[in-house]
Amino acid sequence: MNDKQKLIVKNVDAHKQEIFDAERWIWQHPQVGYTEWEANAYLIEKFEAMGYKLVRADQDPKYGKIPGFYTDVNTGKPGPTLCIMGELDALDIANHPESVNGMTHCCGHHAQAAGMLGVAAALTEPGALDGLCGTIRLMLVPAEEMIQLAYREELRKQGVISYMGGKVEFMHRGYFDGVDLSIMVHTSNSEQYDLACGFGNNGCMAKTITYKGKSSHAGGAPHMGINAQYASMLGLQAVNDLRETFQDKDTIRFHPILKGVNCAVNIIPDEMKIESYVRGKTLEAMVRENRKINRALTGAALAMGAGVELCDRPGYSPETHDPQFMKLIEQCCIDLVGEDRVGFNYNSWSTGSSDFGDLTCVMPGVQFNAAGASGMGHGIDYQLVDANRACANAAKAQLFVADALLSNDAANAKKILADFKPQFASIPEYFAYINQLMLDKDAVKYDENGNATVDFQ
């Protein structure tokens with residue numbers, strides 16, 4: 001470690017108890033996306049007590065009230081803006097033994113938020129900004145988990161939000177305007193590595209599929225009904241029969257859940273909702289395969305004489321890490337914990353999804369991992385077992401990266417930016433593309449003679 005890195009370690013360690021207390025408090029107060037008001041209030045109080053002036057998403061006069069905020073740490077010298085962020089939301093997983101009101105932080109976002117508190121606290125210490133130029137934007141973001149699609153669609157219809165994911169919504173609100181580079185740390189359950197990173201992960205499109213039938217007496221007059229549940233089962237079978245047409249290189253995933261019927265067992269169900277994603281390695285692959293999936297779902301409705309409403313929403317774009325940026329972060333991680341405790345794989349690809357991917361479409365960004373959890377992510381055995389690794393190390397690593405990027409007149413940041421080739425030239429260009437992915441279609445319409453018109457695109 002150099003002298004500045006030793007100072008960063010000292011500055012974070014001075015606030016360890018605050019970090020650990022925050023991790024436990026947020027773990028005990030989980031809330032899902034766009035409802036994270038308790039964690040939001042807790043962190044606002046902590047940040048403001050340190051003297052930070054916040055831009056709060058619940059006080060934005062132009063948009064609906066949602067949790068989340070950011071603050072800018074200005075070094076006093078011109079240079080690039082680096083965004084360091086953490087996430088606020090939990091998952092609804094009621095059978096976790098420590099769930100609260102059916103929710104648990106079993107993806108580790110509470111540890112990210114606690115680590116962000118450590119970053120903020122360390123930056124208030126003497127000498128923290130010495131030698132740096134530009135701006136560090138600290139951000140707490142809601143709604144990373146793409147869940148409760150019906151609830152988020154209702155928020156969208158009410159004008160509270162425009163997009164399902166928190167970072168995408170923050171991009172829409174202008175909170176990433178002027179940001180040049182971005183990083184964040186996600187909690188992991190690795191035993192081999194303290195800090196790790198892969199090359200990227202899938203994007204996803206969010207889907208709500210509603211089959212419409214006709215109710216009738218299930219025993220006495222089933223011939224008078226149209227069974228929406230059967231139509232949905234046929235639709236899912238049709239998509240399953242497409243799976244061998246998905247090419248391995250595209251890493252396509254389709255994982256639907258049936259939301260259930262709203263009638264008694266002796267009634268032919270007239271409606272069945274399905275929620276799913278279509279995940280893929282590229283936006284092009286997601287769009288192509290989603291069209292095939294919609295065709296199969298529509299064909300099943302036609303076969304049963306049912307209707308089907310297709311609701312597609314842009315979820316998250318594929319996340320691709322800039323290799324040059326990764327290399328800088330890898331060295332920072334090695335400086336912190338040693339080479340044998342760092343695992344960066346420039347070829348690995350995850351089939352999960354994150355709205356951090358939307359940022360990597362327009363700027364250099366890397367999301368890396370800090371160990372400290374045990375059990376399965378999104379599982380009922382998930383626990384945080386080492387807050388020092390998950391929270392304190394995460395804070396130190398991100399501050400090491402900030403120092404490496406913004407010191408020496410931001411030479412490293414400027415080199416990364418000069419060499420980066422974004423998928424979209426600007427945030428408005430990115431939104432112009434993803435807005436085209438929205439679809440609301442009554443895909444099968446019947447005339448009085450039973451003839452059908454089909455439109456699933």
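What comes next concerns the included structure. (Residues numbered from 1 in each chain as written. Predicted model: local features only at pLDDT ≥ 70, side-chain atom pairs only at ≥ 80, totals over all residues. Heavy atoms only, no water.)

## Let's talk about helix 1 (residues 3-13)
Residues that lie three or four places apart on an α-helix share one face, since the helix turns once every 3.6 residues.
Here's step 1: Inspection of helix 1 places K4, Q5, I8, V9, N11 and V12 among the buried residues, and these make up the whole buried set. Taken down its axis, helix 1 places every buried residue within 165° of arc, on the same side. Across helix 1 from its buried face, at more than 90 degrees, point the exposed residues D3 and K10.
Here's step 2: Its buried side turned inward, helix 1 meets helix 2 (16-27), helix 4 (109-122), helix 9 (323-337) and helix 11 (387-406).
Here's step 3: With a side-chain oxygen positioned 3.1 Å from the backbone nitrogen of K4, the residue opening helix 1 is N2. (Buried < 20%, exposed > 50% of the residue type's maximum accessible area, 1.4 Å probe, protein only. Helix = DSSP H or I, 4+ residues; strand = E, 2+ residues; numbered from the N terminus. Arc of directions from axis to C-beta. Contact = heavy atoms within 4.5 Å. Polar contact = N/O pair within 3.5 Å; in protein donor to acceptor, adjacent residues only side chain to side chain.)

## Considering unusual backbone geometry
Here's step 1: Positive phi, close to 55°, is recorded for N101, a residue that is not glycine.
Here's step 2: Tracing the backbone through its elements, the reader meets N101 in the loop between strand 4 (91-92) and strand 5 (103-104).
Here's step 3: Phi is positive for Q148, which is not a glycine, with a value near 50°.
Here's step 4: Position of Q148 among the secondary structure elements: in the loop between strand 6 (135-141) and helix 5 (149-158).

## Remarks on the packing of helix 4 against helix 11
Here's step 1: It is at 8 Å that the axes of helix 4 and helix 11 come closest, and there the two elements cross at 50°. It follows from the interaxial angle that helix 4 and helix 11 lie oblique. The two elements helix 4 and helix 11 meet at a crossing, and its hand is right-handed. Packed against helix 4, whose contacting residues are A111, A114, G115, M116, G118, V119 and A122, the element helix 11 presents A390, C391, A395, Q398 and L399 at the interface.
Here's step 2: Tallied by class, residues from the contact of helix 4 with helix 11 come to 9 nonpolar, 3 polar and no charged. (Axes fitted to C-alpha atoms, helices over the stretch in contact; angles between N-to-C directions. Parallel < 35°, antiparallel > 145°, perpendicular 65-115°, else oblique. Left-handed = near helix turned anticlockwise from the far one by under 90°. Nonpolar A, V, L, I, M, F, W, Y, C, P; charged D, E, K, R; others polar.)

## Structural notes on the sheet that holds strand 2 (residues 69-74)
Here's step 1: Taken in spatial order, the 8 strands of this open sheet run 1-2-6-3-7-17-8-15, and their pairing is mixed. Sheet topology places strand 1 (55-56) and strand 15 (342-344) at the edges, where each strand pairs with a single neighbour.
Here's step 2: Where helix 3 (residues 37-49) meets the sheet, its contacts fall on strand 1, strand 2 and strand 6, and the angle it forms with strand 2 comes to roughly 20°. (Pairing = 2+ DSSP bridges.)

## Things to note about helix 8 (residues 283-304)
Here's step 1: Helix length check: helix 8 (22 residues) gives 32 Å between terminal C-alpha atoms against 32 Å at 1.5 Å per residue, within 8%.
Here's step 2: Once helix 8 finishes, G305 follows within two positions and takes phi at roughly 75°, a positive value. (Expected span 1.5 Å × (residues − 1).)

## A look at the side chain of T104
Here's step 1: Here T104 shows up in strand 5.
Here's step 2: Here T104 falls in the buried class, since its relative accessible area comes to 1%.
Here's step 3: Once residues within four sequence positions are removed from consideration, T104 is found in contact with W27, P30, A90, L91, I93, H96 and S99.

## Quick look at the state of the cysteines
Here's step 1: Overall, the coordinates contain 0 disulfides when judged by the stated rule.
Here's step 2: Of the cysteine sulfurs around C83, a residue in no disulfide, the closest is that of C361, at 16 Å.
Here's step 3: Distance from the sulfur of C361, which forms no disulfide, to the nearest cysteine sulfur (C204) is 12 Å.
Here's step 4: Take C361: its relative accessible area is 1%, and that puts it in the buried class. (Disulfide = S-S within 2.5 Å.)

## Things to note about the pattern of salt bridges
Here's step 1: Summed over the entire model, instances satisfying the criterion amount to 24 salt bridges.
Here's step 2: The salt bridge partner of E271 is K212, with a shortest N-O separation of 2.6 Å. A residue pair is termed long-range when its members are at least 10 positions apart, and E271 in strand 12 (residues 271-280) and K212 in strand 9 (residues 200-212) qualify at 59 residues.
Here's step 3: Linked through salt bridges whose partners overlap, the residues forming this network are K249, D250, R288, E289 and K292. (Salt bridge = Lys/Arg side-chain N within 4 Å of Asp/Glu carboxyl O.)

## Points about the nonpolar core
Here's step 1: If you look at the biggest cluster of nonpolar residues, it comprises 79 residues, and the most contacted ones within it are L138, I329, F368 and L405.
Here's step 2: No other element matches the 14 residues that helix 11 contributes to this core.
Here's step 3: Residue contacts for L138: discarding those within four places in its chain leaves F47, Y52, F69, Y70, T71, V73, I84, M116, V119, A120 and L123. (Core = buried A, V, L, I, M, F, W, Y, C linked by side-chain atoms within 4.5 Å.)

## Considering a nonpolar patch on the surface
Here's step 1: On the surface, Y230, M233, L234 and M304 cluster together to form a nonpolar patch covering roughly 380 Å² of accessible area.
Here's step 2: For the nonpolar patch, the leading source of residues is helix 7 (residues 228-240), giving 3 residues.
Here's step 3: Relative to the helices and strands, Y230 resides in helix 7. (Patch = residues over 30% accessible without salt bridge, like charges linked within 9 Å, V, L, I, M, F, W, Y side chains within 5 Å. Areas by Shrake-Rupley, 256 points an atom, 1.4 Å probe, with all protein chains shown as cover.)

## Side note on the environment of N11
Here's step 1: Take N11: it is sitting in helix 1.
Here's step 2: Taking the relative accessible area as the measure of exposure, N11 reaches 5% and is therefore buried.
Here's step 3: As for N11 and N408, which are separated by 397 residues in sequence, their C-alpha atoms are 21 Å apart.
Here's step 4: The contact partners of N11, leaving out residues within four places of it in the chain, are A122, E125, P126 and A128.

## Focus: the layout of surface pockets
Here's step 1: In this structure, the largest pocket occupies an estimated 1,200 Å³ of space.
Here's step 2: If you trace the largest pocket, you find 44 residues lining it, with C107, S350, G352, S353 and H378 closest to the centre.
Here's step 3: Listing elements by their share of the lining of the largest pocket, those giving two or more residues are strand 4, strand 7 (181-188), strand 8 (195-197), strand 9, strand 12, strand 16 (349-353) and strand 17 (365-371).
Here's step 4: Across the lining of the largest pocket, the residue classes tally to 15 nonpolar, 22 polar and 7 charged.
Here's step 5: The space that makes up the second largest pocket amounts to roughly 300 Å³.
Here's step 6: Around the second largest pocket, the lining comprises 19 residues; the ones closest to its centre are E153, K157, T208, K273 and C311.
Here's step 7: Broken down by secondary-structure element, the contributors of at least two residues to the lining of the second largest pocket are helix 5, strand 9, strand 12, strand 13 (307-316) and strand 20 (439-442).
Here's step 8: Of the residues contributing to the lining of the second largest pocket, the split by class is 6 nonpolar, 2 polar and 11 charged. (1 Å grid on protein atoms, 1.4 Å probe; cavity = no way out; pocket = protein on both sides within 12 Å on 5 of 7 lines; lining within 4 Å. Points joined across faces, edges and corners; volume = space filled by probe spheres on them.)

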